[in-house]
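The residues making up each chain are set out below.
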Amino acid sequence: MNKSEKNRILFQFAQKYLEENLPEGLNNADLEKYYEPIQFKDMGDVYEQFIMSAQNAGMKPNVIKFNNEHPNEKKYIKDKLLSFCGTNSYDLDKIAILIPEELYELFSKELGVTGKIWQGWCKSVVEAAMYLRQFPDADSFRNFIRSKDIDCKKRSDIPNQIAKNIYGMGFALVCDALKEMGFISFSKPDVHIKRIFTELGICGDDDEAVFNALDELAKDNNVSPYKADKIFWLICSGYFYKDPNIRGKHPHADGFIANAKDKLCW
């Protein structure tokens, strides 16, 4: 059995496993909305996604809470940032000249937060603006990404390049930002997908190795890396965030891996 055949078997198995283990109240048709990301409209959207992704690792999302899972906290933090800049919307030039330590002091005073996680995120907030202000509008950023998104090798160069410019954002978090703003040829090599791919012997646990492996799997199944990513992520996280009637999380990572090891023969 060659690699393409393994990829097709694994993807079909994962898709069926997800559909057969949906929380009560969901059906297969409900999954379609998870396979289409929201498209960004302006550089404010691009910037916000970058600083959301900058805290999308480990325990950070539950410490900073600048994410859609915590809408009230996100709005409050955003309002404080804009107020500090004296603007009503994201002004990248003004944010770019902020001093991270002063921004941290503001959040510490206004929100009562402390710690290295917040200090690091404040640096990400400023450096993301410093990097993105080179793009005059959303189309220029979109064209920049698309001009380099030619094949998997050149595609992986993009997050590596951006990560060098924004504190706290490595390869995986830049991928997270790009895929969630609508670039469906990107996936995030997060802990869930890395665990599946390493335990099933697909590849090693290096971020780029997993990114490339998922790209190949998607290509072999004629789907976008974004969709393949979401299928594995939904299985492992059990978080159906676009269905507010589904409360809590319903993870199946252990069951999926055990079943895959038992039923997939290669």
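Everything here concerns the structure above.
Quantities reported herein were computed from a predicted structural model and do not represent experimental measurements. (Residues numbered from 1 in each chain as written. Predicted model: local features only at pLDDT ≥ 70, side-chain atom pairs only at ≥ 80, totals over all residues. Heavy atoms only, no water.)

### Describing the packing of aromatic side chains
Then, in step 1: Evaluation of the coordinates by the stated rule reveals 24 aromatic pairs.
Then, in step 2: Aromatic pair Phe 197 and Phe 232: ring centres 5.7 Å apart, planes at 90°, arrangement edge-to-face. Of the two residues, Phe 197 is situated in helix α11 (residues 191–199) and Phe 232 in helix α13 (residues 225–237); the sequence distance between them amounts to 35 residues.
Then, in step 3: Accessibility expressed as a relative area gives 0% for Phe 232, which makes it buried.
Then, in step 4: Pairing Phe 232 with Phe 256 gives two aromatic rings, centres 6.2 Å apart and planes at 70°, and the pair type is edge-to-face. Residue Phe 232 is located in helix α13, and its partner Phe 256 is located in helix α14 (residues 253–263); the two are separated by 24 residues in the primary sequence.
Then, in step 5: On the basis of relative accessibility, which here comes to 0%, the residue Phe 256 falls in the buried class.
Then, in step 6: Here the aromatic cluster, defined as three or more aromatic residues joined through ring pairs, consists of Phe 40, Phe 50, Tyr 131, Phe 135, Phe 141, Phe 144 and Phe 183.
Then, in step 7: Directly above the ring of Phe 66 sits Lys 74, whose terminal nitrogen or CZ lies 5.9 Å from the centroid. (Phe/Tyr/Trp six-rings, centres within 6.5 Å; stacked < 30°, edge-to-face > 60°. Helix = DSSP H or I, 4+ residues; strand = E, 2+ residues; numbered from the N terminus. Buried < 20%, exposed > 50% of the residue type's maximum accessible area, 1.4 Å probe, protein only. Lys NZ or Arg CZ within 6 Å of the ring centre and 35° of its normal.)

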